[in-house]
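# Structure assessment
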Amino acid sequence: MITFITRRVLYSIPVILVASFVLFWAVRATFDPLAKLRLAQDPTALAREVERLGLDRSVPEQYFLWLRSMVVGDWGLSTRTGTPVLPLIGEALWPTLQLAFWGLLIAILIAGGISVYSAVRQYSLGDNLLTGASYLGIAMPAFWFGLILIQTFAVWPKEAFGLSEPPLYFIGLNSPGQTGVLDYIRHLILPVAALMIALIASWSRFGRAAMLDALSSDYVRTARAKGVPRRQVIWRHAVRNSLAPFVTVVALDAAILIGGLVVTEQIFAIPGMGRLFLQSLVAGDVFVLLPWMIVVAVAVVICNLIADIAYAVLDPRVRLS
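Residues numbered from 1 in each chain as written. Predicted model: local features only at pLDDT ≥ 70, side-chain atom pairs only at ≥ 80, totals over all residues. Heavy atoms only, no water.

### Describing the overall build of the protein chain
Along the backbone of the protein chain there are 14 helices and 0 strands. Along the protein chain, helices and strands appear, N-terminal first, in the series α-α-α-α-α-α-α-α-α-α-α-α-α-α. Dimensions of the protein chain, computed from C-alpha atoms along their principal axes, come out at roughly 85 × 65 × 35 Å. A burial count over the protein chain gives 39% of its 321 residues as buried. Considering only contacts in the protein chain between residues 6 or more positions apart, those separated by 24 or more positions represent 69%. On the protein chain, roughly 17800 Å² of surface is accessible, and the fraction owed to carbon and sulfur atoms is 68%. Distance between charge centroids for the protein chain: 13 Å, based on 25 positive and 19 negative side chains. (Helix = DSSP H or I, 4+ residues; strand = E, 2+ residues; numbered from the N terminus. Buried < 20%, exposed > 50% of the residue type's maximum accessible area, 1.4 Å probe, protein only. Contact = heavy atoms within 4.5 Å. Areas by Shrake-Rupley, 256 points an atom, 1.4 Å probe, with all protein chains shown as cover. Lys, Arg positive; Asp, Glu negative; His and termini not counted. Charge placed at Lys NZ, Arg CZ, Asp CG, Glu CD.)

Structure follows, in structure tokens:
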């Protein structure tokens, strides 16, 4: 197992390097880092910045200069805020990780439970109701569901009962000056719920299909023929073997979430990676956009690495091959 993990980690390094070069080339080809300076029409300052950033060199040379700066922690300055990029991304990454962690954890538990229930009770009333609800969840836009949650659990109760503050907050992850757990939970519930709806809907459909495949397999029929109790057949044989493809889908979606929380963070005013991306994109801040994309690319590789390791744990044949 250690050899397998070491090999997968080593494979990940060239993947990250290739991805970073492609992203660097794409950003250099589509964004002008000196766009604002050109408007000032100051040839001296422009020439100085061209030389400092190495823009008069070839793209591979620029890439290696940029990569060396990234490795030593010099990620440049944001043209939007004038502050160093590294702490800017670090501050944005923490709220996103919190939101993604709780959203993924709760979604995995709920989607896993729905998958097993729907597969074991296929075509029952409960299965049909959950199937309809999952289709509704997949079709429902995240921003619209988030606005419904805010209106239903924050605005209406406050107005209807004359409360001084809403039962659940919908701005940020903490009130100013508050660090308590209860305040944190009251801020977290609505954005996590808005984030989970699409994940639970899609994962439960995928998990149900994987579980049905497992239940119709020969080894499950053999276990039943031997008189193994139904509960043991489901949880020890069918669930475990249906987990491998489920883990792969969860890992891929988890990686996308790191950079894809744009809508949820914008609606709930959470200063995370998604909001940082939107602000940087609108301002044309290439010095933030490029490191932002590299962080997301690294997150994708790490999540895939975790999925491969989990896959190998669930199915030893992966390690042998």
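Anyway, onward from the coordinates.
### Considering the UniProt feature "transmembrane region" (unreviewed entry) in the protein chain
Here, the residues flagged by UniProt with the feature "transmembrane region" (unreviewed entry) are residues 9-27, 99-120, 132-156, 184-203, 243-269 and 289-314. Here residues 132-156 runs as 92% helix and 0% strand, with 27 Å between its end C-alpha atoms. (UniProt positions renumbered as here; feature names shortened; annotations may be inferred.)

### Considerations on the pattern of salt bridges
Applying the stated rule across the entire model yields 4 salt bridges. The residue arginine 221 makes a salt bridge to aspartate 218 at a minimum N-O spacing of 2.4 Å. Placement of the pair is arginine 221 and aspartate 218 together in helix α9 (residues 218-225), with a separation of 3 residues, close to one helical turn. (Salt bridge = Lys/Arg side-chain N within 4 Å of Asp/Glu carboxyl O.)

### Some details on the nonpolar core
Core analysis: the largest hydrophobic core is formed by 31 residues, its most contacted members being Leu99, Leu199 and Trp203. Elements represented by at least two residues in this core include exactly α5 (85-120), α7 (142-160), α8 (181-215) and α10 (230-260). It is α8 that contributes the most residues to this core, 10 residues altogether. Excluding anything up to four places from it in sequence, tryptophan 203 contacts Leu104, Ala107, Ile108, Ala111, Ser115, Phe246, Val249, Val250 and Asp253. One finds Trp75, Ile89, Leu290 and Val295 within the second-largest nonpolar core, a separate group that totals 23 residues. (Core = buried A, V, L, I, M, F, W, Y, C linked by side-chain atoms within 4.5 Å.)

### Considering the confidence of the model for the protein chain
Overall, the predicted model of the protein chain reaches an average pLDDT of 85, with 97% of residues at or above 70. Of all secondary-structure elements in the protein chain, the lowest mean pLDDT belongs to helix α14 (residues 316-320), at 64, while α5 reaches the highest, 91. (pLDDT = per-residue confidence, 0-100.)

### Side note on the packing of aromatic side chains
This model, assessed by the stated rule, comprises 8 aromatic pairs. A centroid spacing of 6.0 Å and a plane angle of 35° characterise the contact between tyrosine 63 and tryptophan 66, whose relative ring orientation is tilted. One end of the pair is tyrosine 63 and the other is tryptophan 66, both in helix α4 (residues 59-71) and 3 residues apart, which spans about a single turn. Tryptophan 66 shares its class with tyrosine 63; the two are buried. Ring centres 4.5 Å apart and planes at 35° place the aromatic pair phenylalanine 277 and tryptophan 292 in the tilted group. (Phe/Tyr/Trp six-rings, centres within 6.5 Å; stacked < 30°, edge-to-face > 60°.)

### What about the packing of α5 against helix α12 (residues 273-283)?
Orientation of α5 relative to α12, taken along the N-to-C sense of each, is 135°, at an axis distance of 7 Å. When the interaxial angle is binned, α5 and α12 end up oblique. Across the interface between the two elements, Leu88, Ile89, Ala92, Leu93 and Thr96 of α5 pack against Met273, Gly274 and Leu276 of α12. Looking at the contact of α5 with α12, its residues break down into 6 nonpolar, 2 polar and no charged. (Axes fitted to C-alpha atoms, helices over the stretch in contact; angles between N-to-C directions. Parallel < 35°, antiparallel > 145°, perpendicular 65-115°, else oblique. Nonpolar A, V, L, I, M, F, W, Y, C, P; charged D, E, K, R; others polar.)

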